[in-house]
Amino acid sequence: MGIPHSRQMRFGSIAVLVFTLSCFSHCGYLQSQTFSSFSAGDRFSLPQLNGTVCFAHDGAYSSAKMENGRWIFVGLTLNDSQCISDLKVSMENSNITIFSVYASSADSRLWVGVRYNAEGEGRQVFDFGLNALTHFSEWWVTLAGNVFLAEGRNWKLQSDNTLAINNQVDNISVMYFNFDADKDKNTPFYIQHSIVISTIAVVIGTVLVATVITKKVRRMDGN
C-alpha cells in the first residue's frame, strides 16, 4: 500500500526542513583558491547527450571541464554563498537549471545536495565526490510540493556511488545525509548524535506549532 499523498507531502516538508537546517548550521567556509566567475544563465552543454546545465545565480568555480560525458565542477559556489562543493553532473535529453548546491565541508561530507529544475523527460546523473559507498536509504529525492520519489522507480543509486534521476520534469531536490560520519564511538550517545537530536527537536517543535495553528484556523473558520 502506498503512502497517502498528504502524508508524502508532510514527510517531504520535514525532509526539506532538516536539510535546510543542516546546511545553515554546517556550511563549510571557502578556502583561499583562485576562482573563475560565471553568470546566471551561462550554459554548459553536452552536445553528444543533448543536454545542458546552467545556474540560476551568478557563481564561481576553481575549475570546470567536460570529460567522459559529464561536466566536472571543482570548488563550486553560487550567489556568494559560503557553501562549497565539488560536483560532477551529466544530463541526457534534458536541460537543467541548478538553484543551489550544498556540502557540509570539503572533508567530512556529512551531507551534500543539489536543488534544480529539469526540462525534458530525460536523465540526470549526479556525483558529489563522496569517498565511501552509500546506501539508498541515506538519500532523499523530492519533487516540488515536497513529495518523495521512489528509489528504483524514479531514481537509482548506482554501483559507482552516483545517483541517477529518470523521466522527471519539475523542481527536484537531491539530498544525502550521513549523520554517523566521523563519530567517536567512545563518546556518549547524546554527543555522537547531537546533530540528529537537535534537528529532530526543531522539526518536532515546528510540526507541533503548525498543527496548533492549523487547528486554530479551522476552529475560527467553523465559527
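Here, every reference points to the structure presented above.
Residues numbered from 1 in each chain as written. Predicted model: local features only at pLDDT ≥ 70, side-chain atom pairs only at ≥ 80, totals over all residues. Heavy atoms only, no water.

(A) Up close: the pattern of salt bridges. Summed over all chains, the structure comprises three salt bridges. Between R70 and D127 there is a salt bridge, and its shortest N-O distance comes to 3.7 Å. Here R70, found in strand β6 (residues 70-78), pairs with D127, found in strand β10 (residues 123-127); they are 57 residues apart in sequence, far enough to count as distant. Residue class for D127 comes out buried when judged on its relative accessible area of 14%. Where K156 meets E151, a salt bridge forms, and the shortest distance between an N and an O atom there is 3.9 Å. Since its relative accessible area comes to 44%, K156 is described here as partly exposed. For E151, a relative accessible area of 25% gives the class partly exposed. (Salt bridge = Lys/Arg side-chain N within 4 Å of Asp/Glu carboxyl O. Helix = DSSP H or I, 4+ residues; strand = E, 2+ residues; numbered from the N terminus. Buried < 20%, exposed > 50% of the residue type's maximum accessible area, 1.4 Å probe, protein only.)

(B) Representation of the environment of M175 within the structure. By the element assignment, M175 lies in strand β15 (residues 171-177). The sequence separation of M175 and G113 amounts to 62 residues, and the corresponding C-alpha distance is 4.3 Å.

(C) Geometry of the side chain of S100. Checked against the element boundaries, S100 lands in strand β8 (residues 94-103). What makes S100 buried here is its relative accessible area of 9%. When residues no more than four places from it in sequence are discounted, the contact partners of S100 are L78, G113, V114 and R115. (Contact = heavy atoms within 4.5 Å.)

(D) Structural view of the packing of aromatic side chains. The final tally for this structure, using the stated rule, is 16 aromatic pairs. Arranged with centres 4.9 Å apart and planes meeting at 40°, the rings of F38 and F55 form a pair that is tilted. Taken as a pair, F38 in strand β1 (residues 36-38) and F55 in strand β3 (residues 51-55) lie far apart in primary sequence, 17 residues in all. An angle of 85° between the planes, with centres 5.2 Å apart, marks the rings of F44 and F73 as edge-to-face. With F44 in strand β2 (residues 44-46) and F73 in strand β6, this pair connects stretches of sequence that are 29 residues apart. When its relative accessible area of 8% is taken as the criterion, F44 is described as buried. We classify F73 as buried; its relative accessible area is 1%. (Phe/Tyr/Trp six-rings, centres within 6.5 Å; stacked < 30°, edge-to-face > 60°.)

(E) Focus on the environment of F55. Relative accessible area serves as the criterion here: at 1%, F55 is assigned to the buried category. Once the C-alpha coordinates of F55 and Y116 are considered, the two residues, 61 residues apart in sequence, prove to be 8.6 Å apart. With sequence-adjacent residues up to four places away left out, F55 is seen in contact with F38, A40, G41, D42, F44, F73, L76, L78, T97 and I98.

Shape is all these values report; function is a separate question.
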